[in-house]
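Structure at a glance
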Amino acid sequence: MDASARRKQLSAAIRRAAGGDRAALRLIYDETAAKLFGICLRILNDRSEAEDVLQEVYLAVWQKAGAFDETKASPITWLVAIARNRAIDRLRGSGLVRRAEPIEAAETVSDPAPLAEEMLVSSQQQARLASCLEELDERTAKAIRSAFIGGSTYEELARAWNVPLGTMKSLIRRGLAKLRACLER
Amino acid sequence: MSDSGTTGLEEHGALVAAEYVLGVLNAAERRAAERRIAEDSAFAAEVAFWEERLGGLAALVPPIAPPADAWARIEARLGGARPRPAQSGGLWQSLAFWRTLAIGASALAAACLAGLIYLAQAPGLEPPLVAKLDEGPGKSGFFAAANPSDGTLTIVPAVALTGEQQHALELWLIPAGDKPHSLGLIDPEKPIKVEIPAELRPYVTADSVLAVSVEPPGGSPTGQPTGPVIANGKLALL
């Protein structure tokens with residue numbers, strides 16, 4: 001099954017889950033749990049917290065499935081947003097010490113196609129994001145990737161990169177503005 | 001922020017929306033952003049834009065298999081909790097769909113409440129109860145006032161709503177720790193006064209909850225809410 005067919009299948013499963021179909025929730029879980037667990041674990045850096053948040057994520061999916069609008073969001077980005085929000089809220093509320101990754105560790109993407117396949121988003125959309133990030137200077141793009149993946153605050157990023165808070169804020173804010181302009185083109 | 005003038009993202013809170021999705025805000029700032037999502041549709045659209053576009057970055061995170069018993073734990077926690085049943089397309093699962101005239105909502109709501117209080121108090125020996133039925137945080141859907149003296153309840157849409165013929169709105173009284181009891185259908189376009197059935201009158205008390213659900217024409221076929229609950233709120237003594 002190609003990415004587009006899997007995306008449609010996942011959207012259909014969310015619709016069925018909204019109607020109370022547990023088998024549909026199970027299907028969503030089977031398709032996405034490893035991805036979402038990876039995301040939670042990366043943010044929380046604590047396996048038992050991540051496991052707990054993962055449960056909350058699928059309970060939230062079960063409760064909120066009726067609000068999913070496939071004309072506005074890809075199923076996977078909708079799920080990723082729920083997982084990241086839960087994990088970030090847990091992180092902020094927990095007092096867990098989470099060190100943002102140093103600048104060297106932030107990933108770069110050269111070929112977006114396989115990632116699009118894995119993420120079930122359109123390869124066009126993924127390519128657009130990659131090319132818009134490439135238009136930023138490398139440091140800015142790294143800061144944005146690192147912030148997204150780690151769910152780190154400005155303060156944590158500034159500490160990890162050993163730059164003043166104001167510098168980190170400016171870097172990311174200018175980057176977001178440029179990214180916004182590019183993504184809209 | 002000395003640098004905010006340089007980003008070009010200030011309008012409509014676009015910068016905060018981006019920062020919220022990126023995940024760089026602290027806990028208090030996140031709560032403020034979430035309140036704004038509920039109240040400001042332009043801001044919510046901005047958040048949706050970033051979630052959809054930046055979401056692709058999650059591809060950078062390698063998947064990791066969760067523990068084998070994770071699904072069983074989730075399933076156990078589903079318990080009796082059923083999601084709100086999906087309706088055609090899920091479009092009208094919120095009052096926003098019914099709301100066609102976004103006119104000075106808060107002013108009208110305040111006027112409605114004042115009128116209700118007056119209505120409820122006029123003949124009453126027992127103190128009236130009022131409820132604000134919210135659609136979400138800070139978003140009022142209906143105002144209601146119950147007059148225990150004559151067993152009536154008046155409910156008013158907080159903003160001008162428009163009905164549509166395929167669905168009806170049904171009002172429910174939910175006593176603390178009990179299941180919902182129907183108080184009948186209500187009109188999304190204008191205030192309506194309902195007679196509270198005699199057997200339910202003892203439950204018209206503070207801490208009982210009023211809820212409005214979307215139902216098929218003619219009301220719930222099962223005697224329990226079958227469609228999404230679009231607004232609810234607790235009764236309180238005036």
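The rules we used
Residues numbered from 1 in each chain as written. Chains lettered and ligands numbered in written order. Predicted model: local features only at pLDDT ≥ 70, side-chain atom pairs only at ≥ 80, totals over all residues. Pairing = 2+ DSSP bridges. Helix = DSSP H or I, 4+ residues; strand = E, 2+ residues; numbered from the N terminus. Axes fitted to C-alpha atoms, helices over the stretch in contact; angles between N-to-C directions. pLDDT = per-residue confidence, 0-100. Contact = placed C-beta atoms within 7 Å. Nonpolar A, V, L, I, M, F, W, Y, C, P; charged D, E, K, R; others polar. Buried ≥ 20, exposed ≤ 12 C-beta atoms within 10 Å, placed from the backbone. Parallel < 35°, antiparallel > 145°, perpendicular 65-115°, else oblique. Left-handed = near helix turned anticlockwise from the far one by under 90°.

**Let's talk about the sheet that holds strand β1 (residues 129-136) of chain B**
Residue and element names in this part refer to chain B. Taken together, the eight strands give an open sheet; going across it, the order is β5-β4-β7-β8-β1-β2-β3-β6, and neighbouring strands pair in antiparallel fashion. Since the sheet does not close on itself, it has two edges, and those belong to β5 (181-186) and β6 (192-195), each with one partner. Averaged over neighbouring strand pairs, the angle between their axes works out to 25° when direction is ignored. Relative to strand β3 (residues 152-157), strand β2 (residues 139-147) runs antiparallel, the two being bridged by six bridges. Looking at β3, one finds that A146 is bridged to L153.

**Re the confidence of the model for chain B**
Residues and elements named next belong to chain B. With 71% of its residues at a pLDDT of 70 or more, chain B has an overall mean of 76. Below pLDDT 50 for its whole length, residues 84-94 participates in 30 contacts with residues either more than four positions away or in separate chains. Scoring of the predicted complex yields 0.61 for pTM and 0.90 for ipTM.

**Focus on the interface of chain B and chain A**
Accessible area lost when the parts come together is the quantity often used to give the size of an interface. At the interface, 46 residues of chain B touch 66 residues of chain A. Elements supplying a minimum of two residues to the side of chain B that touches chain A: α1 (14-22), α2 (27-39), α3 (41-54) and α4 (70-78) of chain B. Top element by residues in the side of chain B that touches chain A is α4(B). It accounts for six residues. Looking at side-chain class alone, the side of chain B that touches chain A contains 28 nonpolar, nine polar and nine charged residues.

**Focus: unusual backbone geometry**
Located in the positive-phi region is N45(A), a residue other than glycine, with phi close to 55°. One can find N45(A) in the loop between α2 (22-44) and α3 (47-64).

**Some thoughts on the pairing of β2(B)**
Residue and element names in this part refer to chain B. Counting buried residues in β2 gives eight out of nine residues, a clear majority hidden from the surface. As defined by bridge partners, β1 adjoins β2 across seven bridges and the pair is classed as antiparallel. By the bridge assignment, V130 is partnered in β2 with A145. Here β2 hands over to β3 after four residues, with G151 in that stretch at a positive phi of 70°.

**Looking at the pairing of β5(B)**
All names here are of chain B. Judged from the five bridges that link them, strand β4 (residues 168-174) and β5 form a sheet pairing that is antiparallel. Looking at the pairing, L171 lines up with G184 of β5. Where β4 folds back onto β5 in an antiparallel hairpin, the turn is made up of six residues, including G177, whose phi is positive at roughly 75°.

**So, the packing of α3(A) against α4(B)**
Packed helix pairs are characterised by how far apart their axes lie and by the angle those axes make with each other. Between α3(A) and α4(B), whose axes approach to 10 Å, the crossing angle comes to 50°. Classified by the angle between their axes, α3(A) and α4(B) sit oblique to one another. The element α3(A) and its partner α4(B) pack so that their crossing is right-handed. Mapping the contact onto sequence places E51(A), L54(A), Q55(A), Y58(A), L59(A) and W62(A) in α3(A) and A70(B), R73(B), I74(B), R77(B) and L78(B) in α4(B).

**Quick word on the packing of α2(A) against helix α4 (residues 75-94) of chain A**
Residues and elements named next belong to chain A. Here α2 crosses α4 at 30°, and the two axes come no closer than 9 Å. The angle between α2 and α4 places the two elements in the roughly parallel class. Relative to α4, α2 is oriented so that their crossing is right-handed. Packed against α2, whose contacting residues are T32, L36, I39, C40, I43 and L44, the element α4 presents I76, L79, V80, A83, R84, A87, I88, R90 and L91 at the interface.

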